[in-house]
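Topology and contacts: notes
Here's the letter readout for the chains.
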Amino acid sequence: MKQKRKKKYKSIVPGMKFIKTLLLAFSAVALAAPTARSAGLEKRAGSKSSSFYYGHDISSLPMLEGKGQAYYTTSGTKQNLDVILSAGGANFVRSRIWVNPSDGVYGLDYNLALGKRAKAEGLGFFLDFHYSDTWADPSAQTIPSGWPTAVADLKWQVYNYTLAVVKAFVAEGVHIDIVSIGNEINNGLLWPTGASSNFANIAAILHSAAWGVKDGDTTNTPLIMVHTANGWDVSTQKWFYSNLMAQGTFLSTDFDLMGFSFYPFYGTSATISNLVTTANTMIGLYGKQIVVAETDWPNICSGVTLSDTSIPVSAAGQIEWVQDVITAVKGLNNGKGKGVFYWEPGWVNNAALGSSCSSAILTDYSGQALSSVNMYSGLS
């Protein structure tokens with residue numbers, strides 16, 4: 001698919017107004033993307049190869065703070081959670097972005113503020129596009145309200161939206177280090193157009209998304225990730241990527257990272273051994289760097305068979321699980337292991353984090369940090 005770069009605009013207004021302005025300006029323009037990486041992107045990717053990402057997804061943090069939730073260090077001193085996590089060794093934060101959230105939470109302006117905050121704290125910033133107005137995962141990938149469903153139109157909508165978001169961050173002086181073009185897209189994205197029954201559409205959409213990122217920041221281009229669930233399941237990952245890449249539309253040069261969700265709650269096959277087998281298989285097939293984009297471990301749990309029964313259900317167990325995952329990722333073939341992210345460590349009023357356990361967060365129910373906030377401490 002050949003794409004023609006769009007003209008640059010002299011004024012950039014941050015937030016949703018900026019996105020609407022760009023979309024109107026771009027609506028009649030046909031785009032075609034070059035098929036080779038720019039030298040700038042190669043330089044950017046190479047410059048990050050020596051660092052390991054020790055991250056937390058703190059998407060819900062500003063929303064919780066807005067509702068009055070406070071956080072405290074392990075010794076009881078009131079402190080912002082991002083500061084607590086940074087002191088515990090984290091060097092990255094991750095945040096999800098929704099297209100038109102009904103209350104603004106997880107929207108563009110919300111994420112611009114969180115990105116600025118992360119950068120002020122000296123942290124890397126990882127933006128996770130859901131391409132939906134709400135949650136996107138293997139069970140739901142709802143197309144945003146008002147977006148077209150014909151793939152020829154939808155792929156441009158994806159390009160324009162992605163481009164506008166990345167440009168909004170650039171305009172605000174906030175560099176995005178990593179972008180995920182979709183969240184847990186094993187079964188596709190932007191249903192029904194991009195359902196897994198039509199990999200040709202998935203490939204076209206992802207190609208447009210990737211070029212929205214690249215054209216959005218040509219100076220310091222974010223690394224681009226494809227993110228799937230069940231990183232322990234080699235057959236699922238091989239099926240997804242073989243079908244995706246066979247289309248010839250979404251290219252190896254379109255992305256840098258494979259991201260896996262890896263949770264111990266949902267089946268005993270989610271072992272670190274299986275994660276390593278899967279990751280090394282995918283490295284052998286595609287040569288991409290690997291990131292565990294989401295993981296958790298419970299500190300309170302009963303009646304659930306976890307995938308590693310040797311690790312205690314406790315704050316100490318949270319540290320042990322994550323550090324075992326880190327060791328596994330760092331040991332992947334050809335030095336391709338790149339990072340690990342803990343999902344939503346401070347979501348106090350949603351402590352189960354989608355599992356059947358009682359709590360997998362890194363604080364107690366009052367917001368006081370557990371010892372596990374230091375899970376990355378001392379790691380290089």
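Since the structure is predicted, the reported quantities are computational estimates derived from the model, not experimental observations. (Residues numbered from 1 in each chain as written. Predicted model: local features only at pLDDT ≥ 70, side-chain atom pairs only at ≥ 80, totals over all residues. Heavy atoms only, no water.)

1. Section: the environment of Ser 235
- With respect to the element layout, Ser 235 can be found in helix H8 (residues 234–245).
- Distance in space between the C-alpha atoms of Ser 235 and Thr 278 is 8.2 Å, their sequence separation being 43 residues.
- Of note is the side chain of Ser 235, whose polar atom sits 2.7 Å from the side chain of Asp 233. (Helix = DSSP H or I, 4+ residues; strand = E, 2+ residues; numbered from the N terminus. Polar contact = N/O pair within 3.5 Å; in protein donor to acceptor, adjacent residues only side chain to side chain.)

2. Brief notes about the state of the cysteines
- Considering all chains together, one arrives at one disulfide under this definition.
- Two residues share a disulfide in this structure: Cys 301 and Cys 357, whose sulfurs sit 2.0 Å from each other. Classification of the bridge connecting Cys 301 and Cys 357 rests on its S-S torsion, roughly -60°, and on that basis the disulfide is left-handed. In this pair, Cys 301 is assigned in the loop between strand S7 (289–295) and helix H10 (315–330) and Cys 357 in the segment after strand S8 (337–343), connecting sequence segments 56 residues apart. The burial state of Cys 301 is the same as that of Cys 357; both residues are buried. (Disulfide = S-S within 2.5 Å. Buried < 20%, exposed > 50% of the residue type's maximum accessible area, 1.4 Å probe, protein only.)

3. Section: the environment of Glu 65
- Along the chain, the position of Glu 65 falls in helix H3 (residues 61–66).
- Put simply, Glu 65 and Leu 81 are 16 residues apart on the chain and 9.7 Å apart in space, counted from C-alpha to C-alpha.
- Filtering out sequence-adjacent residues up to four positions away, Glu 65 remains in contact with Asn 80 and Arg 117. (Contact = heavy atoms within 4.5 Å.)

4. Remarks on the pairing of strand S2 (residues 92–97)
- The buried fraction of S2 amounts to six of the six residues, a majority that puts the element mostly inside the structure.
- A two-sided burial pattern is seen for S2, the buried positions comprising Phe 92, Arg 94 and Arg 96 on one face and Val 93, Ser 95 and Ile 97 on the other.
- Across three bridges, strand S1 (residues 53–57) lies against S2 in parallel orientation. When the sheet's bridge partners are listed, Gly 55 is paired in S2 with Phe 92.
- Sheet analysis places S2 next to strand S3 (residues 124–129), joined by six bridges and oriented parallel. Paired with Arg 94 across the strands is Phe 126, a residue of S3.
- Since S2 and S3 lie parallel, the crossover through helix H5 (residues 108–120) that links them has a hand, and here it is right-handed. (Pairing = 2+ DSSP bridges. Right-handed = clockwise from strand over helix to strand, strands pointing away.)

5. What about the packing of aromatic side chains?
- Inspection of the entire model under this criterion finds 28 aromatic pairs.
- Centre to centre, the rings of Tyr 54 and Tyr 376 are 5.3 Å apart; their planes meet at 50°, and the pair counts as tilted. With Tyr 54 in strand S1 and Tyr 376 in the segment after S8, this residue pair connects regions lying 322 residues apart in the sequence.
- Residue class for Tyr 376 comes out buried when judged on its relative accessible area of 0%. (Phe/Tyr/Trp six-rings, centres within 6.5 Å; stacked < 30°, edge-to-face > 60°.)

6. Focus: the nonpolar core
- Counting residues in hydrophobic clusters, the biggest one holds 98 residues, and the most contacted among them are Tyr 131, Ile 181, Leu 244 and Phe 250.
- The element contributing the most residues to this core is helix H7 (residues 199–216), with eight residues.
- Those residues in contact with Leu 244, other than ones at most four positions away along the chain, are Phe 199, Ile 202, Ala 203, Leu 206 and Phe 250.
- Counting ten residues, the second largest nonpolar core, distinct from the first, contains Phe 92, Val 291, Ala 293 and Phe 341. (Core = buried A, V, L, I, M, F, W, Y, C linked by side-chain atoms within 4.5 Å.)

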